[in-house]
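Tertiary structure, described
What follows is the residue order along each chain.
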Amino acid sequence: MGFRKKNKSPPVLSHEFVIQNHADMVSCLAMIILLGLMFEVTAKFAIMFITVQYNVTQVLDEKIEPVNLYQYGPKDVATVFFYLLIAVILHALIQEYILDKMNRRLHLSKTKHSKFNESGQLAAFYLFSFIWGCSILTAEDFATNPTFLWEGYPHTHMVFQVKFFYICQIAYWLHALPELYFQKVRKEDIPRQLYYICLYVVHITGAYVLNLHRLGLVLLVPHYLVELLFHASRLFYFSDENKQKGFTLWALLFVIARLLTLTLSFLTFGFGLPRTENQGFSLADGNFNVLTIRMTCLAAICLTQAWMMWKFINFQLKKWREHSQNQASKKKVVSPKSKPPKKEPSRGGAANGVVKSEDKTSPRARKAKAS
């Protein structure tokens, strides 16, 4: 892990060396790109990595001052690459200065240690993205005008916050791929993480390229809220296994989010876009409003939601079985031991080494009788 001081130095350019120092190497690469701004020859190339490209100035009827809007293009790949480097550096900082310190206090097992790191990283990202997305939606007034999802399609122009939001989203989920190697993720956890990383990359990039960034943003915000609640609940669970109330709230919001996603998707692809004026396919105009693409997008969203619900049901059934087994083990009562039968006194009147006399007279009377 980057930024750590290791007692033993592994061989240069070995796997262990790259894993331990990857954040330092990535930081050097990002610094080289930033230093390119200092020289006139390299500045035009460095700006392509650092700043958002394809600026378009328009004058709207409602506003006197011109508005800066943005489109997408091939140069966005360079911008995504630079912020992918920034994501790797931030990942290492959160791991080194927050999660590792918490792990040392909790003394978790290897399995819980891996899941704790995953939830810690994702919870921080979901919290930041949820707040950022809410601020953008508040400016768009979606709550009062849901038809802005499809009105005026194709939405080829974006404000700076929307475009930068998508650039950072794509960069973060792409950076998660090399992190599987840098973080030494267990082999049994790699397929599960690859599934959801690839789904995020495909869906977010698809919404960005197909000019469906409004719908994508509206669907991401509630989804990130649900995922934030899940990973925060898992962090609390690892610190104290009795804290499981957050999972109940997460289960309720998870189902609501899936229904909301399906409703808005059917409303946009089945009702809104087919009734817009701009119908047809045109790469130059950024118009993808044809039946084939609409149905493909809708099918992809529905299949993803069905897969997520399947995983959710399996997770709940597993939790229910574990809970039932724990309750059954607690209710098991040990059968009461049968009382041993009373031993009859022996013929000589001795039982357990004690001689019992059948004479019921007092000791003083027996003494007088003996004399």
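What you see is a predicted model, and the numbers here were worked out from it, not measured in a lab. (Residues numbered from 1 in each chain as written. Predicted model: local features only at pLDDT ≥ 70, side-chain atom pairs only at ≥ 80, totals over all residues. Heavy atoms only, no water.)

Here's the deal with the side chain of Asn 289
Keep this limit in mind: In DSSP terms, a helix is any run of H or I states spanning at least four residues, a strand is any run of E spanning at least two, and both are numbered starting from the N terminus. Any N or O atom pair separated by 3.5 Å or less is treated as a polar contact, with the protein-specific requirement of one donor-capable and one acceptor-capable atom, and with residues adjacent in sequence counted only for side-chain atom pairs. Contacts were defined at the residue level, with two residues in contact if any of their heavy atoms lie within 4.5 Å.
Along the chain, Asn 289 turns up in strand β4 (residues 287-289). At 3.0 Å, the side chain of Asn 289 forms a polar contact with the backbone oxygen of Leu 273. One polar contact links Asn 289 to Arg 294, side chain to side chain, over a distance of 2.7 Å. Residue contacts for Asn 289: discarding those within four places in its chain leaves Tyr 153, Leu 273, Thr 276, Asn 278, Gln 279, Gly 280 and Arg 294.

Some remarks on the nonpolar core
Our working definition: Residues enter a nonpolar core if they are buried and are Ala, Val, Leu, Ile, Met, Phe, Trp, Tyr or Cys, with the set joined through side-chain atoms within 4.5 Å. For every residue, the accessible area obtained with a 1.4 Å probe (protein chains only) is divided by the maximum for its type, and the residue is called buried under 20%, exposed over 50%, and partly exposed between those limits.
Among the nonpolar cores identified, the biggest contains 62 residues, and Tyr 126, Tyr 166, Trp 173, Ile 204, Leu 212, Tyr 224 and Phe 269 are the most heavily contacted of them. Those elements that provide at least two residues to this core are α1 (15-35), α3 (76-106), α4 (110-140), α5 (160-182), α6 (190-209), α7 (213-239), α8 (245-272) and α9 (291-331). The biggest single contributor to this core is α5, with eleven residues. Residues contacting Tyr 224, with those up to four places away along its chain left out, are Phe 125, Tyr 126, Ser 129, Phe 130, Gln 169, Trp 173, Tyr 200 and Ile 204. In this structure, Val 226, Phe 247, Met 308 and Phe 312 belong to the second largest nonpolar core, which totals nine residues.

As for the packing of α6 against α7
Note the cut-off: Axis definition: a line fit to C-alpha positions, over the contact stretch in the case of helices; interaxial angles, taken between N-to-C directions, run 0 to 180 degrees. Charged residues are taken to be Asp, Glu, Lys and Arg, nonpolar residues to be Ala, Val, Leu, Ile, Met, Phe, Trp, Tyr, Cys and Pro, and polar residues to be all remaining types, Gly included.
The interhelical angle for the contact between α6 and α7, taken along N-to-C directions, is 150°, at an axis separation of 8 Å. For the pair formed by α6 and α7, the contact residues are Tyr 200, Ile 204 and Ala 207 on the first element and His 213, Gly 216, Leu 220, His 223, Tyr 224 and Glu 227 on the second. Its residues assigned to classes, the contact of α6 with α7 comprises five nonpolar, three polar and one charged.

As for the packing of helix α2 (residues 40-50) against α3
In plain terms, the rule: By the definition adopted for this analysis, an angle is roughly parallel if under 35 degrees, roughly antiparallel if over 145, roughly perpendicular if from 65 to 115, and oblique otherwise.
Viewed as axis vectors pointing N to C, α2 and α3 meet at an angle of 70°, and their least axial separation amounts to 6 Å. As judged from the angle between their axes, α2 and α3 are roughly perpendicular. For the pair α2 and α3, contact is made by Met 48, Phe 49 and Ile 50 and by Ala 78, Thr 79, Phe 81, Phe 82 and Tyr 83, respectively. A per-class count over the contact of α2 with α3 returns seven nonpolar, one polar and no charged.

Focus on the confidence of the model for the chain
What counts, and what does not: Summary of the metric used: pLDDT quantifies the predictor's per-residue confidence within the range 0 to 100.
Overall, the prediction assigns the chain a mean pLDDT of 86, with 85% of residues at 70 or greater. Element-level mean pLDDT values for the chain span from 44 in strand β5 (residues 350-351) up to 96 in α5. A low-confidence stretch, residues 334-338 stays under pLDDT 50, and its non-local contacts, those more than four residues away or across chains, total zero contacts. Low pLDDT, under 50, characterises residues 346-358; the stretch is placed with six contacts to residues that sit more than four places away or in other chains.

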